[in-house]
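# Examining the three-dimensional arrangement
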Amino acid sequence: MPAWLTLAQSPLFRFAAALLVLGLLRLVLLSLWEMRTALRRAGDQRIPIARILRESFTWLIPVTRLHRARKGYSLASFTFHLGILAATPFLGNHIDILQANFGVAWPALVKPLLDFLTLLTIGSGSFLLLYRLYAASSRKLSSPLDYLLLALILSIFVSGYLAGQPWNPIPYNGLMLLHTFNGILLVVLAPFTKIAHCVLYPLIRVGTELAWHFPPQAGSDVVKALHGPEGRRV
């Protein structure tokens, strides 16, 4: 059995998958607990649930918002996320690995469509990486980890695409070993990096709404913290 396949079906992979699920679940539960605490302390506990759900949906699928500032970056980011969400879970080899480890499976996408989505992800991800490098406004907001994650994701997609082509110039088993190792590394990093927004993003609108429902006497407490007990009451 090739080394990459052994790694993909090993206890290490199952540990990484368990860490991913439990780590993301922990973040969701902590966020929900903090929102519950904020709501309990809020002065106004009327939460416009319908509006929040509508806004959350429009931001999850931001087709109508791509024409705003930084159009190229916004379009590339949307395409990048779309490619990851469509290509990664519907690749036949990935489904086979999940079935071998956890006994779950679903239909796979056809190879021409997967190849197109993979190239789309590689192109948009490369644009995002170059934009972070050359745009001063984006470079100031980017940490070394941001570059590392983008490079890691690109390496996974590039190695996976090359491995699936008959003209691949790199030895297949070595390329797939790199692809598998990087994939497991990304799974392990996900709960501890910005990738966790994959589960936290739907909660952002609720958290933002609750942040503006200040507790009673919040204004006076802020004045005391800034100016001491002699500060003017608000």
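Just so it is clear, the structure is predicted and the values come from calculations on it, not from any experiment. (Residues numbered from 1 in each chain as written. Predicted model: local features only at pLDDT ≥ 70, side-chain atom pairs only at ≥ 80, totals over all residues. Heavy atoms only, no water.)

## Comments concerning the pattern of salt bridges
What counts is decided by this rule: The salt bridge criterion pairs a side-chain nitrogen of Lys or Arg with a carboxyl oxygen of Asp or Glu, the two atoms within 4 Å. Per the convention used, a helix needs a DSSP run of H or I reaching at least four residues, while a strand needs a run of E reaching at least two, with both numbered from the N terminus.
For the structure shown, the criterion picks out 3 salt bridges. The shortest N-O distance in the salt bridge between Asp146 and Lys194 comes to 3.2 Å. One end of the pair, Asp146, is in helix H8 (residues 144–163); the other, Lys194, is in the loop between helix H9 (172–189) and helix H10 (197–211), with 48 residues separating them in the sequence. Salt bridges sharing partners connect three or more residues here, namely Arg132, Asp146 and Lys194.

## A short note on a nonpolar patch on the surface
For the record, the criterion: The residues that make up patches have over 30% relative accessible area and no salt bridge, and they are joined within 9 Å when like-charged or within 5 Å when they are Val, Leu, Ile, Met, Phe, Trp or Tyr. The Shrake-Rupley method, run with a 1.4 Å probe sphere, supplies the accessible areas, and residue values consider only the shown protein chains as cover.
A surface patch of nonpolar side chains, about 380 Å² in accessible area, is lined by Leu22, Leu25, Leu29 and Leu32. Assignment of secondary structure puts Leu29 in helix H2 (residues 11–41).

## What about the nonpolar core?
Short version of the rule: Definition of nonpolar core: a set of buried residues of the types Ala, Val, Leu, Ile, Met, Phe, Trp, Tyr and Cys, connected through side-chain atoms within 4.5 Å. When a residue's accessible area, from a 1.4 Å probe over protein chains only, is under 20% of the maximum for its type it is buried; when over 50% it is exposed; and in between it is partly exposed.
Judged by nonpolar contacts, the single largest core of 22 residues is most densely connected at Leu128 and Leu186. Going through the elements one at a time, helix H4 (71–87), helix H6 (111–134) and H8 are the ones with two or more residues in this core. Looking at this core, the element that brings in the most residues is H8, giving 9 residues. Within the second largest apolar cluster, 6 residues are counted, among which are Phe13, Ala16, Ile97 and Ile184.

## Regarding the side chain of Ser124
Filter applied, for reference: Two N or O atoms form a polar contact when they lie within 3.5 Å of each other; inside protein one atom must be a possible hydrogen donor and the other a possible acceptor, and for residues adjacent in sequence the pair counts only when both atoms belong to side chains. Residue contacts are defined here by distance: any two heavy atoms, one from each residue, within 4.5 Å place the two residues in contact.
Mapping Ser124 onto the fold places it in helix H6. A distance of 3.4 Å separates a polar atom in the side chain of Ser124 from the backbone nitrogen of Phe80. The residues contacting Ser124, other than those within four sequence positions of it, are Ala76, Thr79 and Phe80.

## A closer look at the environment of Leu128
For Leu128, the location among the structural elements is in helix H6. Taking the C-alpha atoms as reference points, Leu128 and Gly72, separated by 56 residues in sequence, lie 9.4 Å from one another. Non-local contacts of Leu128, meaning those with residues more than four positions away in its chain, are made with Tyr73, Ala76, Ser77, Phe80 and Leu150.

## Brief notes about the packing of H6 against H8
To keep things clear, this is the line we draw: Working convention: axes come from line fits to C-alpha atoms, limited for helices to the stretch in contact. Angles between N-to-C directions cover 0 to 180 degrees. Orientation labels follow simple angle bins: below 35 degrees gives roughly parallel, above 145 gives roughly antiparallel, 65 to 115 gives roughly perpendicular, and whatever is left gives oblique. We call a crossing left-handed when the near helix sits turned anticlockwise from the far one by less than a right angle, and right-handed when that turn is clockwise. Each residue is assigned to one of three groups, with Ala, Val, Leu, Ile, Met, Phe, Trp, Tyr, Cys and Pro labelled nonpolar, Asp, Glu, Lys and Arg labelled charged, and all others, Gly among them, labelled polar.
Closest axis-to-axis distance for the H6/H8 pair is 10 Å, and the angle between their directions is 155°. With respect to each other, H6 and H8 are oriented roughly antiparallel. For the element pair H6 and H8, the recorded crossing hand is left-handed. Contacts between H6 and H8 pair Asp115, Thr118, Leu119, Thr121, Ile122, Gly125, Ser126, Leu128, Leu129, Arg132 and Leu133 from the former with Asp146, Tyr147, Leu150, Leu154, Phe157, Val158 and Tyr161 from the latter. For the contact of H6 with H8, the class distribution of residues is 11 nonpolar, 4 polar and 3 charged.

## Focus on the packing of aromatic side chains
Our working rule: Within 6.5 Å between ring centres, the rings of Phe, Tyr and Trp (the latter by its six-membered ring) count as paired, and their orientation is classed by plane angle as stacked under 30 degrees, edge-to-face over 60, tilted in between.
Across all of its chains, the model carries 4 aromatic pairs by this definition. Pairing Phe127 with Tyr131 gives two aromatic rings, centres 6.1 Å apart and planes at 35°, and the pair type is tilted. With Phe127 and Tyr131 both in helix H6 and 4 residues apart, the pair spans about one turn of that helix. Overall, the relative accessible area of 21% leaves Tyr131 in the partly exposed class. Every member of this aromatic cluster is reached through a ring pair, and the members are Tyr73, Phe127 and Tyr131.

## A word on helix H5 (residues 92–102)
Put simply, the rule reads: In this description, the arc belongs to the directions extending from the helix axis to the C-beta atoms.
Those residues of H5 lying buried are Ile95, Ile97 and Asn101. End-on view of H5: buried residues confined to an arc of 160°, all on one side of the axis. Tucked into the core, H5 has its buried residues touching helix H1 (3–8) and H2.

These figures capture arrangement, not role.
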